[in-house]
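# Coordinate inspection notes
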Amino acid sequence: MPRTVHIIGAGVAGLATAVRLAGRGVTTVIHEATDQAGGRCRSYDDKATGMRIDNGTHILLSGNTAALGFLASIGASARVSGAGAARFPFVDLATRERWTLDLGTGRLPSWVFDKGRRAPGTRAVDYMSLAGILWPAPGKPLNEVMSCSGPAYEKVMRPFLLAALNTDPSASSSDLARAVIRETIAAGGHACRPYLAPEGLSAAFVEPAVAYLQGHAGAFRLGRQLHRLVVTDSRVTALDFGDGTVAVGPDDAVVLAVPPYVASSIVPNLQTPDEFRAIINAHFRIVPPPDLAPMVGILNGVAEWIFGFGDRISVTISGADRLLQHTRDEIARMIWQDVRRMASVPAELPPWQIVRERRATFAATPVQNARRPGARTAWSNLVLAGDWTDTGLPATIEGAVRSGNRAADLTLQP
Ligand SMILES: Cc1cc2nc3c(=O)[nH]c(=O)nc-3n(C[C@H](O)[C@H](O)[C@H](O)COP(=O)(O)OP(=O)(O)OC[C@H]3O[C@@H](n4cnc5c(N)ncnc54)[C@H](O)[C@@H]3O)c2cc1C
């Protein structure tokens, strides 16, 4: 068992690594470049709205067992609220049609056979034709294994896959799409109940993890950016932070849980994903009107998912690179127009914030998926973690937690 595991990066992957190790009695030290843990999954105090907001609304599904397990281990299960059933209200802004996709609570996708529960204008047979995705076809884009057109695709598969893959689904990796579908939609409503963090991402995923680690001999070093790994005889022997080095003892291990573009600058000859997709989130300081459901999917709008929280309306747009050419003001106005078209809100824009995460996730294409490295490295005490490592899943909290769990387990192997 290693004496101390140094973890570089306090995103979800780094925190999950530390929590798993701390639970097994291993001493951990997390070194984080910024002054805050959480990485791409964090809350912050926003001046423009005067609210504490998230960098982006994050959704878990009940099939995300590792993510929910992580929350249970840090005593934070109650910090996320799960819907009792997998019911997803949708609005098509082009036709004004409204419906609720009702995946129910069972373990089989039986909703497909119930006209009242599936999307309007779709037939059971339309969903059957999408089942091609369940057969492995390694390295292929989705549009080569399944038809990416028609109402069942446009009204059900596309919105779900776009949210999960953050990449135009038709061009995305069918391997990643298959993994997501198998663990969620194909497993019935039982695996698709959505979970949100109404008190914020940091209150759910980060602060309880930090408290857990501090109670288990875990140390945090914030504002510490790793510059270089010092290697001797195929082992990492020191961490170089520019303003000082930390020795890595003979029984110590290092988990590098930084984004891919940082990892490839630190580890020689490491191939990583190098193409990314943006996510844009809007937050409007306004109490949601009674006619706004807690979570609504939007078709044919700029907005894709609209969320009503206690003090605000938040909107998520995945694969949002096409909007980056617009100013934040323009984006806020376009999104508010969509909110107005589906809920009783005033015309005047409430106080708002637009968060543009340009490199929110790696592009979930076959080419980028093939660039994901495994967790082991050429150096005996260095392990990689992060949603971009080869987890078999797209870049999600579930993938980040699984990568952290795996990294922790590898450091424990002799
Ligand atoms: C806007 C947005 C919305 C999302 N929505 C969802 C969702 O609904 N559901 C879902 O499951 N997932 C979602 N995701 C994806 C999810 O946030 C990520 O998969 C997850 O947070 C990645 O965690 P990570 O630890 O792998 O990486 P990161 O969060 O990137 O963590 C890496 C950490 O390393 C630190 N670091 C970088 N360089 C150094 C260095 N040199 N030295 C020390 N530290 C360093 C960084 O500061 C950071 O804290 C979303 C992401 C975004 C951006």
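For the structure itself, look to the data block above.
So, here's what we can say about the structure. Predicted model, so just to flag it, every value in this text is computed and none were measured.

A few words now on the layout of surface pockets. Size it by volume and the second largest pocket reaches roughly 390 Å³. What lines the second largest pocket is a set of 20 residues, among which Arg158, Leu162, Ile298, Asn300 and Glu304 lie closest to the centre. Every element with two or more residues in the lining of the second largest pocket is listed here: β7 (87-92), α4 (151-165) and β16 (295-299). Among the elements that take part in the lining of the second largest pocket, α4 stands out by supplying five residues, more than any other. Its residues placed into classes, the lining of the second largest pocket shows eight nonpolar, four polar and eight charged.

Before going further, it helps to spend a moment on the pattern of salt bridges. Within the structure shown, the criterion is met by 21 salt bridges. Across the pair Arg402 and Glu183 runs a salt bridge, and its minimum N-O distance is 2.6 Å. Here Glu183 lies in helix α5 (residues 174-183) and Arg402 lies in helix α10 (residues 397-412), a separation of 219 residues in the sequence. According to the relative accessible area criterion, Glu183 is partly exposed, its value standing at 28%.

Looking now at the nonpolar core. Core analysis: the largest hydrophobic core is formed by 60 residues, its most contacted members being Phe88, Met146, Leu229, Leu239 and Leu256. Here the element with the most residues in this core is α4; it accounts for seven residues. Setting aside residues up to four positions removed in sequence, Leu239 forms contacts with His6, Ile8, His31, Leu226, Arg228, Leu229, Gly244, Thr245, Val246, Val248 and Val254. Core analysis: the next-biggest nonpolar cluster, separate from the first, contains 47 residues, Val19, Ile30, Ile397 and Ala408 among them.

To continue, consider the environment of Ile331. When you line up the elements, Ile331 lands in helix α8 (residues 328-342). What makes Ile331 buried here is its relative accessible area of 0%. As for Ile331 and Ala282, which are separated by 49 residues in sequence, their C-alpha atoms are 8.5 Å apart.

Surveying the vicinity of the ligand reveals 36 residues, the closest of which are Glu32, Arg40, His58, Ile59 and Asp387. A distance of 2.8 Å separates an oxygen atom of the ligand from a polar atom in the backbone of Arg40. Here a nitrogen atom of the ligand sits 2.9 Å away from a polar atom, N or O, in the main chain of Leu226. For the ligand, the accessible surface in isolation is 1000 Å², of which the surrounding protein chains cover 92%. Within the residue set of the shell around the ligand, elements represented by two or more residues are α1 (12-23), β15 (276-284), β19 (352-362) and α10. A per-class count over the shell around the ligand returns 17 nonpolar, 14 polar and five charged.

Before going further, it helps to examine the packing of helix α2 (residues 65-73) against helix α6 (residues 201-214). Following both chains from N to C, one finds α2 and α6 inclined at 45°, their axes separated by 9 Å at the closest point. The angle between α2 and α6 falls in the class oblique. Of the two elements, α2 crosses α6, and the hand of that crossing is left-handed. Counting all contacts with α2, which are made through Phe70, Leu71 and Ser73, the residues of α6 involved are Ala204, Phe205, Ala209 and Tyr212. The residue inventory of the contact of α2 with α6, partitioned by class, reads six nonpolar, one polar and no charged.

Thresholds, definitions, all that
- Residues numbered from 1 in each chain as written.
- Predicted model: local features only at pLDDT ≥ 70, side-chain atom pairs only at ≥ 80, totals over all residues.
- Heavy atoms only, no water.
- 1 Å grid on protein atoms, 1.4 Å probe; cavity = no way out; pocket = protein on both sides within 12 Å on 5 of 7 lines; lining within 4 Å.
- Points joined across faces, edges and corners; volume = space filled by probe spheres on them.
- Helix = DSSP H or I, 4+ residues; strand = E, 2+ residues; numbered from the N terminus.
- Nonpolar A, V, L, I, M, F, W, Y, C, P; charged D, E, K, R; others polar.
- Salt bridge = Lys/Arg side-chain N within 4 Å of Asp/Glu carboxyl O.
- Buried < 20%, exposed > 50% of the residue type's maximum accessible area, 1.4 Å probe, protein only.
- Core = buried A, V, L, I, M, F, W, Y, C linked by side-chain atoms within 4.5 Å.
- Contact = heavy atoms within 4.5 Å.
- Near = heavy atom within 4 Å.
- Polar contact = N/O pair within 3.5 Å; in protein donor to acceptor, adjacent residues only side chain to side chain.
- Areas by Shrake-Rupley, 256 points an atom, 1.4 Å probe, with all protein chains shown as cover.
- Axes fitted to C-alpha atoms, helices over the stretch in contact; angles between N-to-C directions.
- Parallel < 35°, antiparallel > 145°, perpendicular 65-115°, else oblique.
- Left-handed = near helix turned anticlockwise from the far one by under 90°.

Distances and angles like these do not, on their own, reveal function.
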